[in-house]
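As a plain string of letters, each chain reads:
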Amino acid sequence: MEPTLRPTLRQYWSLTKPRVVALIVFTAAIGMFLAVPGLPPLQESVLGFIGIWLAAASAAAINQLLDARIDARMARTSWRPIVAGQVSPRQALVFALALAALSMTILVLWVNVLTALLTFASLIGYAVIYTVFLKRATPQNIVIGGIAGAAPPALGWAAITGTLDPHALLLVLIIFVWTPPHFWALAIFRREDYRKAMVPMLPVTHGVEYTRWQILFYTVLLVAVTVLPWATGMSGLFYLGGALVLGLVFLYYAWRLMDPPDELYAMEVFRYSIVYLMALFAFLLVDHWLLPYMQPSPVMELQRIG
């Protein structure tokens, strides 16, 4: 029989992976602001933000529940509440389902059905398809499963407009391409953990050198993709300048990772990737307000001439 546990709010909070979820809802919030010329409507913004946050928190809790065996074998995750016996699997499941139900209720009743459907699909994509199948099946797990983690800007955009705009999908593409170099840098540093847990991460199956080349390739692709918001008229020169500077720094990190000064350098790349994404989306937001006053992109100029 399962022992009776009385988890604290702090332990339940830890189940939601608050740092990871903070980055998710940050990009969702930027999607909301970019969706309309002025300030987005208050109700859809606040309730959409809460609904997306609850869904992301639910997915994180389900991920910990399903990954408890793997987490117990890895130094990075051996402290998590379920592994440490602070929260029982049943309590974690009830908590996660309650968050998911509350999220869907808020999104359906007070935001819109499209956002609810997209958010639910993202939740299932990460918590079930990635965690249960892809993570254990292929070294390309983080690439294939990355679409679920890349969805938040589109969720935020849909919460405001009720549509899935091509510009929102462009934001999704940026995060989708950013995810492999971000996560593989961590995987290089934690490769022995993944090997012990029998998780086929790329550094385990194909070696560190191959993974370094893949990080460099995806970083080059990322720099190219981040030019697209300017090229399509979504953003102006302020964003373009910021994106290029951030991208060149990321390229420097990726190139130096090919012959790193020490074993800890992979974690420096991982930490910069987080700063990079937050700064990139911050540039998008600031540029959104400056765009009417800045030099137009090629697409905007062609539209003016036409």
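Rules of the game
- Residues numbered from 1 in each chain as written.
- Predicted model: local features only at pLDDT ≥ 70, side-chain atom pairs only at ≥ 80, totals over all residues.
- Heavy atoms only, no water.
- UniProt positions renumbered as here; feature names shortened; annotations may be inferred.
- Axes fitted to C-alpha atoms, helices over the stretch in contact; angles between N-to-C directions.
- Helix = DSSP H or I, 4+ residues; strand = E, 2+ residues; numbered from the N terminus.
- Parallel < 35°, antiparallel > 145°, perpendicular 65-115°, else oblique.
- Left-handed = near helix turned anticlockwise from the far one by under 90°.
- Nonpolar A, V, L, I, M, F, W, Y, C, P; charged D, E, K, R; others polar.
- Buried < 20%, exposed > 50% of the residue type's maximum accessible area, 1.4 Å probe, protein only.
- Salt bridge = Lys/Arg side-chain N within 4 Å of Asp/Glu carboxyl O.

Labelled according to an unreviewed UniProt entry, the protein chain appears under the name Protoheme IX farnesyltransferase, originating from Lysobacter spongiicola DSM 21749. As its UniProt record puts it under Function (unreviewed entry), the protein chain is described as follows: "Converts heme B (protoheme IX) to heme O by substitution of the vinyl group on carbon 2 of heme B porphyrin ring with a hydroxyethyl farnesyl side group." The UniProt entry for the protein chain carries the following text under Sequence similarities (unreviewed entry): "Belongs to the UbiA prenyltransferase family. Protoheme IX farnesyltransferase subfamily."

So, on to the packing of helix α3 (residues 42–66) against helix α5 (residues 89–110). Helices that pack against each other are described as a pair by the angle of their axes relative to one another and the distance between those axes. Contact geometry of α3 with α5 gives a least axis separation of 8 Å together with a crossing angle of 155 degrees. Put simply, α3 runs roughly antiparallel to α5. Along this stretch, α3 crosses α5, giving a crossing that reads as left-handed. Of the residues belonging to the contact of α3 with α5, the class tally is 20 nonpolar, five polar and no charged.

For the rest of this paragraph, the subject is the environment of V286. With respect to the helices, strands and loops of the structure, V286 is situated in helix α16 (residues 265–290). Among the residues examined, V286 registers a relative accessible area of 38% and is labelled partly exposed. Along the sequence, V286 and F238 sit 48 residues apart, while their C-alpha atoms lie 8.2 Å from each other.

On to the pattern of salt bridges, then. Throughout the structure, instances matching the rule amount to seven salt bridges. Taking the shortest distance from any N to any O, the salt bridge between R190 and D193 comes out at 3.9 Å. Taking relative accessible area as the criterion, R190 reaches 26% and is therefore assigned partly exposed. D193 sits in the buried class, given a relative accessible area of 7%. Bridged by salt links that share partners, the residues D67, K135 and R136 form one connected network.

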